[in-house]
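Summary of the model geometry
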Amino acid sequence: MFSNEVDEQLSHLSLEQLNNLLEKVKQKTAEKKQAIKAASKVPPRTQNDIQKLAELQGLDLSGLMREISKRQ
């Protein structure tokens, strides 16, 4: 979706609807950060664990490996 399409859709919402949307986005962001933090605490034991960790961070497996190497 392009920026102008997003702007157009959001322009039709009331201030209350925009505030509700903002709160939902903040909540989803906090949940995602918490899930990433929880998944990062325990080292992955299986291929599925590694894939799940990559998905939570919005990366593919090679992207996850690059991110891990940056942190070490």
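Per chain, the residues get numbers from 1 upward, laid out in the order the sequence is written. Under the rules for a predicted model, residues below a pLDDT of 70 receive no local features and side-chain atom pairs below 80 are neither given nor counted, while totals for whole chains, interfaces and linings still include all residues. With hydrogens and water excluded, all non-hydrogen atoms of the structure serve as input to the side-chain values.

As for the overall build of the protein chain
Helix and strand labels come from DSSP, where a helix needs a run of H or I of at least four residues and a strand needs a run of E of at least two; each type is numbered from the N terminus. Across its full length, the protein chain holds four helices and zero strands. Each helix and strand of the protein chain, ordered N terminal to C terminal, gives the series α-α-α-α. Here's how the labels work: a residue is buried when its accessible area is under 20% of the maximum for its type, exposed when over 50%, partly exposed in between, all with a 1.4 Å probe on protein chains only. Within the protein chain, the proportion of its 72 residues that are buried is 7%. Every accessible area reported is derived by Shrake-Rupley at a probe size of 1.4 Å, with residue values counting cover from the shown protein chains alone. When the accessible surface of the protein chain is summed, it comes to about 6300 Å², and 54% of that surface belongs to carbon and sulfur atoms.

Describing the confidence of the model for the protein chain
Predicted confidence across the protein chain gives a mean pLDDT of 80, with 82% of residues reaching 70 or more. Per-residue confidence from the predictor is given as pLDDT, running between 0 and 100. By mean pLDDT, helix 4 (residues 61-71) is the weakest element of the protein chain at 73, and helix 2 (residues 15-41) is the strongest at 88.

Things to note about a nonpolar patch on the surface
Only residues above 30% relative accessible area that lack a salt bridge enter a patch, with like-charged residues linked at up to 9 Å and the nonpolar side chains Val, Leu, Ile, Met, Phe, Trp and Tyr linked at up to 5 Å. Definition used for salt bridges: Asp or Glu carboxyl oxygen within 4 Å of a side-chain nitrogen of Lys or Arg. There is a patch of nonpolar side chains on the surface, built from Val6, Leu10, Leu13, Leu15, Leu18, Leu21 and Val25 and spanning about 520 Å² of accessible area. Listing elements by their share of the nonpolar patch, those giving two or more residues are helix 1 (3-11) and helix 2. Among the elements that make up the nonpolar patch, the one with the highest residue count is helix 2 (four residues). If you trace the backbone, leucine 13 turns up in the loop between helix 1 and helix 2.

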